[in-house]
Amino acid sequence: MVFRKPPDGGWGWVIVVVSFFTQFLCYGSPLAVGVLYLEWLDAFGEGKGKTAWVGSLANGIGLLASPVCSICVSSFGARPVAIFSGFMVAGGLMMSSFAPNIYFLYISYGIVVGLGCGLLYTATVTITCHYFDKRRGLALGLISTGSSVGLFIYAALQRELIDLYGLDGCLLIVGALSLNILACGSLMRPLESSYSPPPEKTCVDKVPDQYFVYHEKEKTVEENISILEKGYVDEKCANNMPDYKQDSILNKNVLSSINVNEKDTYKKKVVEQTNFCKQLAKRKWQLYLNYWEETVVLFKNKVFAALFVAILLFDIGVFPPSLLMEDVARSANINEDDYRMPLISIIGIMTAVGKLTLGTLADFEWVNTLYLYVTTLLMTGVALFAIPFAKSYLTLAMLSGILGFLTGNWSIFPYVTTKTVGIEKLTHAYGILMFFAGLGNSLGPPIVGWFYDWTQEYDTAFYFSGFCVLLGGFLLLLAALPCWNACTNQSSKLPPNTYSYKVASSA
């Protein structure tokens, strides 16, 4: 398989469009699950903490399974994965319309839809990176707004569908709309020129030479001499026999020699393959050891360790508003006539604005992306603390817009990770951070729901959320202060391959 150079245009813009709509269609309902959350509370009568698990699983399971998603896309390609995942998302949504209890929704909506969304996200990002190099940042920024626009539209769409057709009809229609992912996936043409199959080889021929560790005991000189003498005697005896006897003996000798050679060759191949498997197992085990050693080295970087804590606490605290804001308004006894736009829609549209704005700011040389990210964390924590004091639709709408804009810091998170660990360790570090981000997404809404079940009000829950985000922001700020670099230089030497923020920022 020979891949061409990324064209940075052409069919690549078609890839951008279909990837945008793929994220729009798959993430629209899970991100706007707050509208469905209210209906599930009334339909099943379960606690808010238990019901919140549905939405948190749908949004967190894709991040938790990001390593599996990457392996699937690498093994099968973006197009087959996108088409298969389209069936998963659509099937999960349609199955959810027949859910008899909340536990069924954990599987159908939480795991099936969530895993499908994770696969689609990996597929769209991978195929876009194949088609773009110089304009990769712009292309990724455009497709990432698809999920935010989906949140904005699906929040209002699902509410209208529930009013017209009920909860079951809404899920069926939304699932049917998700089938358009199949059309988008079919247009994700892989970037390749031609496929020239290599000449067929035997199993042993395919084994690399460095794995041939077969060592056969060499015959001694005495053994070789005895074999030659025996052959000479046999030949002499054969000359004294009649011709027909000589022919028969000759044929037998030829056949026996062929059988012996075949057995020796087969035995040699078996030994070679066995030793190859042993060497391959040792190599894989060494790769696993190297992976964990590199992980330990990453966590010795104080900025990365603080970033890991910050992203975990950030997702625990900031995701619940997008899921529970509608219920917060209902709990505050806000009149439905005052609603001009769903609060979740405001969060969605402002998230798209935040991604574009913060991503543009990060491109300026005079902007320190780490300090910019810390600023968004601290402002998010303050906004979460202010939610319990909001008693009107206008105030909640303003706070929703602020939270949505600040949540757009996802667009600069890869920049921050790169500056922290360097480009050569970006994939390893980003995978670890995304796993814990998914863990935070999964735990945040149930924790807030449990706080409500315990106290019968949201005030304590959002104080807890704000405290989590502020704590993560302050820890990251302390780790990134320049004075720590001076202290580190005066202390014991760092292990090799350990990066500080100041050093890695020049990468």
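Residues numbered from 1 in each chain as written. Predicted model: local features only at pLDDT ≥ 70, side-chain atom pairs only at ≥ 80, totals over all residues. Heavy atoms only, no water.

### So, the packing of aromatic side chains
Here comes step 1: Counting across every chain of the model gives twelve aromatic pairs.
Here comes step 2: On the basis of an interplanar angle of 75 degrees and a centroid distance of 5.3 Å, the ring pair of Trp 40 and Tyr 109 is categorised as edge-to-face. A residue pair is termed long-range when its members are at least 10 positions apart, and Trp 40 in helix 2 (residues 33-44) and Tyr 109 in helix 6 (residues 102-131) qualify at 69 residues.
Here comes step 3: By relative accessible area, Trp 40 is classed as buried at 1%.
Here comes step 4: Residue classification places Tyr 109 among the buried residues on the basis of a relative accessible area of 0%. (Phe/Tyr/Trp six-rings, centres within 6.5 Å; stacked < 30°, edge-to-face > 60°. Helix = DSSP H or I, 4+ residues; strand = E, 2+ residues; numbered from the N terminus. Buried < 20%, exposed > 50% of the residue type's maximum accessible area, 1.4 Å probe, protein only.)

### As for helix 13 (residues 369-386)
Here comes step 1: Between the first and last C-alpha of helix 13 there are 26 Å, a value that for 18 residues agrees with the 26 Å anticipated at 1.5 Å per step.
Here comes step 2: Residues Thr 369, Leu 370, Leu 372, Tyr 373, Val 374, Thr 376, Leu 377, Thr 380, Gly 381, Ala 383 and Leu 384 constitute the buried set of helix 13.
Here comes step 3: One side-chain oxygen at the N-terminal end of helix 13 lies 3.0 Å from the backbone nitrogen of Leu 370; it belongs to Asn 368. (Expected span 1.5 Å × (residues − 1). Polar contact = N/O pair within 3.5 Å; in protein donor to acceptor, adjacent residues only side chain to side chain.)

### Comments concerning the pattern of salt bridges
Here comes step 1: One pass over the full model with this rule turns up one salt bridge.
Here comes step 2: Residue Lys 50 pairs with Glu 46 through a salt bridge whose shortest N-O separation is 3.5 Å.
Here comes step 3: Using a relative accessible area of 29% as the deciding quantity, one classes Lys 50 as partly exposed. (Salt bridge = Lys/Arg side-chain N within 4 Å of Asp/Glu carboxyl O.)

### Considerations on the packing of helix 5 (residues 78-96) against helix 6
Here comes step 1: Contact geometry of helix 5 with helix 6 gives a least axis separation of 8 Å together with a crossing angle of 155 degrees. As judged from the angle between their axes, helix 5 and helix 6 are roughly antiparallel. Judged by the sense of rotation from one axis to the other, the crossing of helix 5 with helix 6 is left-handed. (Axes fitted to C-alpha atoms, helices over the stretch in contact; angles between N-to-C directions. Parallel < 35°, antiparallel > 145°, perpendicular 65-115°, else oblique. Left-handed = near helix turned anticlockwise from the far one by under 90°.)

### A look at the packing of helix 3 (residues 48-64) against helix 4 (residues 66-76)
Here comes step 1: In contact at an axis separation of 5 Å, helix 3 and helix 4 are set at 60 degrees when each is read in the N-to-C sense. Taken together, the axes of helix 3 and helix 4 are oblique relative to one another. On the side of helix 3, the interface is formed by Gly 62, Leu 63 and Leu 64, while helix 4 contributes Ser 66, Pro 67 and Cys 69.
Here comes step 2: Residue composition of the contact of helix 3 with helix 4, grouped by class: four nonpolar, two polar and no charged. (Contact = heavy atoms within 4.5 Å. Nonpolar A, V, L, I, M, F, W, Y, C, P; charged D, E, K, R; others polar.)

### Some remarks on the environment of Leu 119
Here comes step 1: Among the secondary structure elements, Leu 119 is positioned in helix 6.
Here comes step 2: Separated by 41 residues in the primary sequence, Leu 119 and Ala 78 have C-alpha atoms spaced 9.1 Å apart.
Here comes step 3: Leu 119 has contacts with Cys 69, Cys 72, Val 73, Val 81, Ser 85 and Met 88, leaving out every residue within four places of it along the chain.

### Some remarks on the confidence of the model for the chain
Here comes step 1: When pLDDT is averaged across the chain, the result is 76; 73% of the residues are at 70 or more.
Here comes step 2: Contacts for the low-pLDDT stretch residues 194-225, under 50 throughout, to residues beyond four places or in other chains number 21 contacts.
Here comes step 3: Contacts from residues 227-233, a stretch scored under 50 in pLDDT, to residues over four places away or in other chains number zero contacts. (pLDDT = per-residue confidence, 0-100.)

### Quick notes on the environment of Leu 63
Here comes step 1: Looking at the secondary structure, you find Leu 63 in helix 3.
Here comes step 2: Overall, the relative accessible area of 19% leaves Leu 63 in the buried class.
Here comes step 3: Considering only alpha carbons, one finds Leu 63 and Ala 437, 374 residues apart in sequence, at a separation of 7.0 Å.
Here comes step 4: In this view, Leu 63 contacts Met 434, Phe 435, Ala 437, Gly 438 and Asn 441; residues no more than four positions away in its chain are not counted.

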